[in-house]
Amino acid sequence: MRVSVSADERVGIADAVVEELRKRGHEPIPHGALNDSERDDWAWASESAARDVAEGRAEQGIVCCWTGTGASIAANKVAGIRAALCVDAQTAEGARRWNDANVLALSLRTTSPALLEEILDGWFEAGPSADEDDVANIRHVEEIA
């Protein structure tokens, strides 16, 4: 799977995200501080990763900044993106299942390498729910202007 990844600085788990994706057999597409030819500010980096997902160059995205909040806000501004800031595996699994989240937002400050592995397990092991109410919620979110 192609996964677009961004970080606004190479601290914490920034490089570990890319390494962990490769280890799991995914193809990371780096943005921001992970790509020497791009602007590394969180808003620009997160937008680039989100646009890859929205425009079909990647199936999923992971956006990172110090808290993860700015990265998720910027990604969610891109039409078709449902970015979720996840701090544990259960939240990541729920975001995929009930929210059909397509971009994972992570904190470079609070996510340890061990926690990163758990969050990615939850994220990649879950898929969108087929429950009518869950599907209706996702459709409604897409209609909100």
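Please refer to the structure higher up on the page.
Described below are features of the structure shown in this document. (Residues numbered from 1 in each chain as written. Predicted model: local features only at pLDDT ≥ 70, side-chain atom pairs only at ≥ 80, totals over all residues. Heavy atoms only, no water.)

A short note on the sheet that holds strand β3 (residues 60-65)
Here is step 1 of the chain: Taking strand neighbours across the sheet as the criterion, the five strands line up as β2-β1-β3-β5-β4 in an open arrangement whose pairing is parallel. The two strands at the open ends of the sheet, each matched to only one other strand, are β2 (27-32) and β4 (83-85). On average, adjacent strands in this sheet sit at an angle of 20° to one another, irrespective of strand direction.
Here is step 2 of the chain: Inspection of the sheet shows β4 paired to strand β5 (residues 103-107) by three bridges, in the parallel sense. Along β5, the bridge assignment pairs A83 with V103.
Here is step 3 of the chain: Sheet strands in contact with helix α5 (residues 113-125) are β1 (2-7), β3 and β5, and its direction is about 165° off that of β5. (Pairing = 2+ DSSP bridges. Helix = DSSP H or I, 4+ residues; strand = E, 2+ residues; numbered from the N terminus. Axes fitted to C-alpha atoms, helices over the stretch in contact; angles between N-to-C directions. Contact = heavy atoms within 4.5 Å.)

Some points on the side chain of S72
Here is step 1 of the chain: Positionally, S72 belongs in helix α3 (residues 69-76).
Here is step 2 of the chain: Every residue in contact with S72, bar those within four places of it in the chain, is listed here: V63, A83, L85 and A105.

Focus on the packing of helix α1 (residues 14-23) against α5
Here is step 1 of the chain: Remark: α1 packs on α5, axes separated minimally by 11 Å, with the N-to-C direction vectors making an angle of 50°. Relative to α5, α1 is oriented oblique. In terms of crossing hand, the pair formed by α1 and α5 is right-handed. Residues A16, V17, E20, L21 and K23 of α1 form the contact with α5, whose own contacting residues are L116, E117, L120 and F124.
Here is step 2 of the chain: Split into classes, the residues belonging to the contact of α1 with α5 amount to six nonpolar, no polar and three charged. (Parallel < 35°, antiparallel > 145°, perpendicular 65-115°, else oblique. Left-handed = near helix turned anticlockwise from the far one by under 90°. Nonpolar A, V, L, I, M, F, W, Y, C, P; charged D, E, K, R; others polar.)

Bear in mind that shape data such as this cannot, by itself, settle questions of function.
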